[in-house]
Amino acid sequence: MAVILAGLLALSLPAMAVSASDPGPDVGPNETGVVVPALEEPDQGPTFVEVDGTTNRLDPGEESRSERIEHGTDLGATLMAADDELRVDYEQERLVRNGFDNASSEDREEMVRSGYDRLQERTDALEDRERTAVRAHAAGERSTTELLQTFSRNYHESDVIERALEDLVTYANEIPGYSLSIRDDTRELETHRSDVRSQLDTTPNGFGDDRKSLAVRTAETGYTLSLLDRNYVRETTRFDARNTTQPNQFDDIVDAHETAQELYPWVFGGDHQTHSTVAEERTAQLYQVRAIHDHGQLTASLDGGTGSVYREVQTLDYRQLPTINNSRWNDDGLVLSINETAANGPAEVVVTAAETGEPEPATVSIDGEEVGETGSSGSLWLLPPDGDYDLRAETDDGSIEGTVSSSDTSGDGE
């Protein structure tokens, strides 16, 4: 996160920087020869959770299922990743490397194209695999652990595919008058290697200072993965916001950036300073807008076919997020309070002594399940469940509990 922020801040742009990858073919008729009419640019506002005082959040759709868990290293996912690497290596050996040195230039071109086409098929399969897993999870047909295994597998396989593409470029450079650009392919593969997914294999199962909370929400139309660590990282994808069969709804990258400004008014407006960039993946018809603001960083991928946000990753300093609700209970010589942030974001649980106001180390439970320790500071940040839940704190000298309602407004719950 520090490296990413430093790199973007080094741009020192008060407004916007733009770049475009290698141009692809012009948008034209579809496979049937019929020109597809352009869609009206949709208003994606209803698919966002609109928030005051901080950035809006892309919503995965009408929720079907949500869960908060601790996810650690999984042997099954590790074995699948190793198997995928062996398969990719075998395919490239068979299609490209075997016999390349003795082949003619024409045959070499055909070998490189075959290897490239196969890697593109594998890249497309990553997205199909995720959609299938997410929809099965939303329907209750797949466990959360199995869903996370899919994300972890795609994380590793995307890295394997990218390295194979880079190897393919090396072979292409040996062919006179032939070149191979993988810029758009690389950017597409990077979407499977977000900060949230990078933690799926490293999240410990125990309690302590390194403990991380992971939240999963799935719907027929998309998913959200949220991680609470040094920052609050939230990744959301809307499957219904991706349409590669339609003409590009954006005139250029400036038009795409202006759409992002409308969808994230707090990020690009107000009194705070925002640095942003936008890049175009023309062959994939995607526009990636990145912005650094007072609360963290936003990366939004807008789809040209729908004119909507297809994928969003937000990295936020949860301690800077405004509190929208506070609930408080006083019992057994203890005071228990919870400070909630918008869009069901991270919440702070605080336990203090009723007489002195001093922080009390306590074990915190939600719906009977331990979620962490407040420690000497008396404070614990966590990802709360959706809807109502029972909150309990237990110290060496006593315990206190209360019910948190999703409809609560600021006030005192004593």
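Below is a summary of the structure that appears in this document.

Rules and cut-offs
Residues numbered from 1 in each chain as written. Predicted model: local features only at pLDDT ≥ 70, side-chain atom pairs only at ≥ 80, totals over all residues. Heavy atoms only, no water. Core = buried A, V, L, I, M, F, W, Y, C linked by side-chain atoms within 4.5 Å. Buried < 20%, exposed > 50% of the residue type's maximum accessible area, 1.4 Å probe, protein only. Helix = DSSP H or I, 4+ residues; strand = E, 2+ residues; numbered from the N terminus. Contact = heavy atoms within 4.5 Å. Pairing = 2+ DSSP bridges. Axes fitted to C-alpha atoms, helices over the stretch in contact; angles between N-to-C directions. Phe/Tyr/Trp six-rings, centres within 6.5 Å; stacked < 30°, edge-to-face > 60°. Lys NZ or Arg CZ within 6 Å of the ring centre and 35° of its normal.

**So, the nonpolar core**
If you look at the biggest cluster of nonpolar residues, it comprises 22 residues, and the most contacted ones within it are Phe100, Val112, Leu119, Leu165, Leu168 and Leu180. Elements that contribute at least two residues to this core include exactly α2 (75–97), α3 (105–138) and α4 (144–172). Among the elements that line this core, the one with the most residues is α4, at eight residues. In this structure Leu119 touches Val88, Gln92, Ile161, Ala164, Leu165 and Leu168, once residues within four positions along its chain are discounted.

**Quick word on the sheet that holds strand β12 (residues 323–331)**
The strand order β12-β13-β14-β17 describes an open sheet built from four strands, whose pairing is antiparallel. In the strand order of this sheet, the two ends are held by β12 and β17 (379–382), each with one partner. Adjacent strand axes in the sheet meet at a mean angle of 15 degrees when their direction is disregarded. Pairing geometry for β12 and strand β13 (residues 334–341), over eight bridges, is antiparallel. Among the inter-strand pairings, Asn325 is bridged to a residue of β13, identified as Glu340.

**Examining the packing of aromatic side chains**
Counted according to the given criterion, the structure contains six aromatic pairs. With 5.2 Å between their ring centres and 85 degrees between their planes, Phe48 and Tyr264 make a pair best called edge-to-face. Here the residue Phe48 occupies a position in strand β2 (residues 48–49), and Tyr264 occupies one in the loop between α7 (253–263) and α8 (265–268), the gap between them amounting to 216 residues. For the pair formed by Phe48 and Tyr264, the shared burial category is buried. Seen from their ring centres, Tyr318 and Trp381 are 4.9 Å apart, and the 55 degrees between their planes marks the pair as tilted. Note that Tyr318 is positioned in the loop between β11 (308–316) and β12 and Trp381 in strand β17, a separation of 63 residues in sequence. Judged by relative accessible area, Tyr318 falls into the buried class, the value being 6%. Against the face of Tyr310 rests Arg242, its NZ or CZ located 5.6 Å from the ring centre.

**So, the sheet that holds strand β16 (residues 369–373)**
Taken together, the four strands give an open sheet; going across it, the order is β16-β15-β18-β19, and neighbouring strands pair in antiparallel fashion. At either margin of the open sheet sits one strand with a lone partner, and together these are β16 and β19 (399–404). Across the sheet, the mean angle from the axis of one strand to that of its neighbour is 25 degrees, orientation sign disregarded. Here strand β15 (residues 363–366) runs beside β16; their pairing, made up of four bridges, is antiparallel. Counted as the bridge partner of Ser365 is Glu370 from β16.

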